Amino acid sequence: MKTAERTKHGSNGSKTADALLRDAAHTLSRSADNLSWKGAWRDQASELLTYALGGEFEPDDAVPAAAARRFAKLVERRADGEPIPQITGYVEFDDLRLRVRKGAFVPRWTTEFLAQEAARRLRARARGSRAPVHVDLATGIGPVALAVASRVPRAQTHGVDVAAAAVKLATENARELRLRNAHFHRGDLYKPLPAKLRGKVDLITIHPPYIATQDIEDLPAEIREFEPIVSLTDKSRDGLWLLQRAAEGASEWLRPDGWFLVEIGSYLARGARGTVARAGFRDMKSLVGPLRLNRVIVARAPRG
Ligand SMILES: C[S@@+](CC[C@H](N)C(=O)[O-])C[C@H]1O[C@@H](n2cnc3c(N)ncnc32)[C@H](O)[C@@H]1O
C-alpha cells in the first residue's frame, strides 16, 4: 500500500493518528449493539483511518484536517452498522482481494475454511488426466468459487446465485483476478448450470442462507440492515429448506464418488447433518471451523 499523506504532529494543532484512533475506538465500542463483529475496536478504526488517508500511517503522525473529517464520517457510518467492506469497497478473502457493494452478501473470513477443504479435495483429483469440476451453490460474490479457482488452477468452477447483484460482482471479481476457470450463473440452485455437467461434478459446496425467519429481527443492524434478506434466510422456520433442496438435487449432478460440503452455523450442525443424511449421502463428517463458530459438513454422493 502506498504511504499516506502525512506530517509529523505538533505543528498546526491537528490530532495524531493515535488520538483519533482512541476516540474512534470509544465511539465504536458504544455502538456495539449494531455490530456483529464486536471488539477489536481499534483495529476496525485503524482500517478506516488507512482508507481515509489513502495509505498506511504511524501512531504519532499528524492527520491533516480534511482526512480527519473524512475519517469521522467513516466512523459514524461504521457505528451505524455499515460493514467495513461496504465502506471501503473490497474485502480480503483467502489472499484474494474481492470487490464488494451493498446488495450482495459480504464474505466472512470464517468461510475460508470451506474453500480450503474444497480445494484440498479437488487438488487430489487434479492429478489425473481430466480437469475436476466444482459447483458452488449460493455463491454470493464468489469467494469460495474464486478461492478454489485460484488454489486449483486445473479445476473448472461454476458459481450459482439467485441474486443478480451478486453474480455481477462475482463475474467482475473473476475478471479482475484473471481467473478464467471460474464461471458464474444466475438462477435457483442447479437450474442455470450447463446440462453437460450432469453427473460430471466432483464437488459441490454450499454456504446457504440459514437464519430461521423468526430470528431475523434479533440480528444486529450490521446484518439485518446491510445484508440482502435473500442472503440471510430461506424463509423457513428451521433455516434448512434451501439446504434440503440442494442436497436432494445433488445426486443428479455429482459423480458417483463426488463430495458435498456445507458450511452451517454450529448451532444448526445437527439439523443439517440430518438433512444431508436423509438425501442419501454417506461417510459424513462434521469439521469444526475457526473459533468454533461454524461447521463444515462433508459427505459423499449417494450410491447410484
Ligand atoms: C450466506 S450467503 C453466502 C454467499 C457466499 N457463498 C459466501 O460465503 O460469502 C447465501 C447466498 O445464497 C444466495 N441464495 C439464496 N437463495 C438462493 C437460491 N434459491 N439459489 C441460489 N442462490 C441463492 C443469496 O443470494 C446469497 O448470496
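Look a little higher up for the structure.
Quantities reported herein were computed from a predicted structural model and do not represent experimental measurements. (Residues numbered from 1 in each chain as written. Predicted model: local features only at pLDDT ≥ 70, side-chain atom pairs only at ≥ 80, totals over all residues. Heavy atoms only, no water.)

> Before we go on, may I ask you to explain the sheet that holds strand E8 (residues 201-206) in this structure?
Sheets are built from strands that pair by backbone hydrogen bonding, the pairs being arranged parallel or antiparallel. Pairing in this open sheet of 7 strands is mixed, and the strands run E7-E6-E5-E8-E9-E11-E10 from one edge to the other. The open sheet has two edge strands, strand E7 (182-186) and strand E10 (282-288), and neither has a second partner. Strand-to-strand, the axes of this sheet are offset by a mean angle of 15°, without reference to chain direction. Here E8 runs beside strand E9 (residues 254-265); their pairing, made up of 5 bridges, is parallel. Paired with Ile 206 across the strands is Val 262, a residue of E9. Of the strands in this sheet, strand E5 (133-137), strand E6 (156-161), E7 and E8 touch helix H6 (residues 143-151), which is tilted by about 160° from E5. (Pairing = 2+ DSSP bridges. Helix = DSSP H or I, 4+ residues; strand = E, 2+ residues; numbered from the N terminus. Axes fitted to C-alpha atoms, helices over the stretch in contact; angles between N-to-C directions. Contact = heavy atoms within 4.5 Å.)

> Would you take a moment to explain the site of the ligand for this structure?
Inspection of the region around the ligand gives 20 residues, with Ala 138, Asp 161, Asp 188, Leu 189 and His 207 positioned closest. Contacts to the ligand include Ala 138, whose backbone N or O atom sits 2.8 Å from a nitrogen atom. Here an oxygen atom of the ligand sits 2.6 Å away from a polar atom, N or O, in the side chain of Asp 161. In the complex, the protein chains occlude 96% of the 600 Å² of accessible area that the ligand would expose alone. Per-class residue counts for the shell around the ligand are 11 nonpolar, 6 polar and 3 charged. (Near = heavy atom within 4 Å. Polar contact = N/O pair within 3.5 Å; in protein donor to acceptor, adjacent residues only side chain to side chain. Areas by Shrake-Rupley, 256 points an atom, 1.4 Å probe, with all protein chains shown as cover. Nonpolar A, V, L, I, M, F, W, Y, C, P; charged D, E, K, R; others polar.)

> Is there a simple way to explain the environment of Arg 292 in this structure?
Here Arg 292 is to be found in the loop between E10 and strand E11 (294-300). Assessed through its relative accessible area of 59%, Arg 292 is described here as exposed. The spacing of Arg 292 and Ala 246 is 46 residues in sequence and 24 Å in space, taken between C-alpha atoms. (Buried < 20%, exposed > 50% of the residue type's maximum accessible area, 1.4 Å probe, protein only.)

> Would you mind showing me how to read the pairing of E7 here?
Here is the key point about a regular strand: its side chains alternate between the two faces of the sheet. Relative to E7, E6 is paired through 5 bridges, and the arrangement is parallel. Residue pairing in the sheet places Val 160 in a bridge with His 185 of E7. Crossover connection from E6 via helix H7 (residues 164-176) to parallel E7: handedness right-handed. (Right-handed = clockwise from strand over helix to strand, strands pointing away.)

> What should I look at first to understand a nonpolar patch on the surface in this one?
Where nonpolar side chains cluster on the molecular surface, the patch consists of Trp 109, Leu 291 and Leu 293 and spans about 370 Å² of accessible area. Along the polypeptide, Leu 293 turns up in the loop between E10 and E11. (Patch = residues over 30% accessible without salt bridge, like charges linked within 9 Å, V, L, I, M, F, W, Y side chains within 5 Å. Salt bridge = Lys/Arg side-chain N within 4 Å of Asp/Glu carboxyl O.)

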